[in-house]
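So the chains spell out like this:
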Amino acid sequence: MPVELTLHKAAEELRRGDLASVLSARQRVAGLVGTYPRRLDLRERLAEVYRVLGQPAQAGRWTYLSEDRDPEELVAFERAYRRADARLVALSWQGRVDEAPTETARTRLAALYLEARVELQHELDATPNEETSWGACLVVMAGGTFVLVCFLLGLVTLVQFLWKLVS
């Protein structure tokens, strides 16, 4: 179905206003966003549907790259997706930053990628040293060995029990 026809049907469903129709509109527009992830106008239409559903975090998600966005929706989105990498995934952006259709979208994507990179670097810097990592591996290996031994003892006991029943 062509984009404009799909948007027209979604608009009709939104006008009806009942929950089933609004959910159908959400599905239609979300499908368009999935097919055309670089079209900011479709993302904004999806945000409109989420506003009708009373979901400001999702509305903020889909207007994140737009020229105009509601500050309260932005805060709700950032609260729902606290980490920059989680926000990047939630945006469902496909392609390079320079392929974004507007300077605003390119700037926001670049800033978000940088924020995610900084967060990751902080995590890498905060990882325990190599000795601690080896110690943790040894503990996990010892625990795994203990579980394996318990399983094998249980299996032997079960076989012995079944053998006695049969004989």
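For the structure, see preceding data.
Residues numbered from 1 in each chain as written. Predicted model: local features only at pLDDT ≥ 70, side-chain atom pairs only at ≥ 80, totals over all residues. Heavy atoms only, no water.

Chemist: Sorry, what's going on with the overall build of the protein here?
Modeler: Each helix and strand in the protein was counted, giving 8 helices and 0 strands. Starting at the N terminus, the α and β elements of the protein follow one another as α-α-α-α-α-α-α-α. Its C-alpha radius of gyration of 26 Å places the protein more than 25% over the 15 Å reference for a compact globule of 167 residues. Dimensions of the protein, computed from C-alpha atoms along their principal axes, come out at roughly 75 × 50 × 30 Å. Looking at the protein as a whole, 29% of its 167 residues qualify as buried. Relative to all contacts within the protein whose residues are 6 or more apart in sequence, the contacts with residues 24 or more apart total 47%. (Helix = DSSP H or I, 4+ residues; strand = E, 2+ residues; numbered from the N terminus. Rg over C-alpha atoms; globule rule 2.2 N^0.38 Å. Buried < 20%, exposed > 50% of the residue type's maximum accessible area, 1.4 Å probe, protein only. Contact = heavy atoms within 4.5 Å.)

Chemist: Would you mind going over a nonpolar patch on the surface with me for this structure?
Modeler: Together, Leu148, Phe151, Leu152, Leu155, Leu158, Val159, Phe161, Leu162, Leu165 and Val166 make up a nonpolar patch on the protein surface, roughly 1000 Å² of accessible area in all. Inspection of the secondary structure puts Leu155 in helix 8 (residues 130-166). For Leu155, a relative accessible area of 39% corresponds to the partly exposed category. (Patch = residues over 30% accessible without salt bridge, like charges linked within 9 Å, V, L, I, M, F, W, Y side chains within 5 Å. Areas by Shrake-Rupley, 256 points an atom, 1.4 Å probe, with all protein chains shown as cover. Salt bridge = Lys/Arg side-chain N within 4 Å of Asp/Glu carboxyl O.)

Chemist: Just checking my understanding: could you explain the packing of aromatic side chains for this structure?
Modeler: For any pair of aromatic rings, the description consists of the separation of the ring centres together with the inter-plane angle of the planes. Enumeration over the complete set of coordinates arrives at 2 aromatic pairs. Through pairs of rings, three or more aromatic residues link up here, namely Tyr64, Phe77 and Tyr81. Lying over the aromatic face of Tyr36, Arg39 brings its terminal NZ or CZ to 6.0 Å of the ring centre. The residue whose ring lies beneath Arg69 is Tyr64, and the NZ or CZ to ring-centre distance is 5.0 Å. (Phe/Tyr/Trp six-rings, centres within 6.5 Å; stacked < 30°, edge-to-face > 60°. Lys NZ or Arg CZ within 6 Å of the ring centre and 35° of its normal.)

Chemist: Can you walk me through helix 2 (residues 19-35) in this structure?
Modeler: Along an α-helix, residues three or four positions apart point the same way, because every turn accommodates 3.6 residues. The end-to-end C-alpha separation of helix 2 is 24 Å, in line with the 24 Å expected for 17 residues at 1.5 Å each. Every buried residue of helix 2 is accounted for by Ser21, Val22, Ala25, Val29, Leu32 and Val33. Considered in projection along helix 2, the buried side chains sweep an arc of 110° and stay on one side of the axis. Exposed residues pointing more than 90 degrees away from the buried face of helix 2 are listed as Leu19, Ala20, Gln27 and Thr35. Residues of helix 2 that are buried in the fold lie against helix 1 (3-16), helix 3 (40-52) and helix 4 (56-62). (Expected span 1.5 Å × (residues − 1). Arc of directions from axis to C-beta.)

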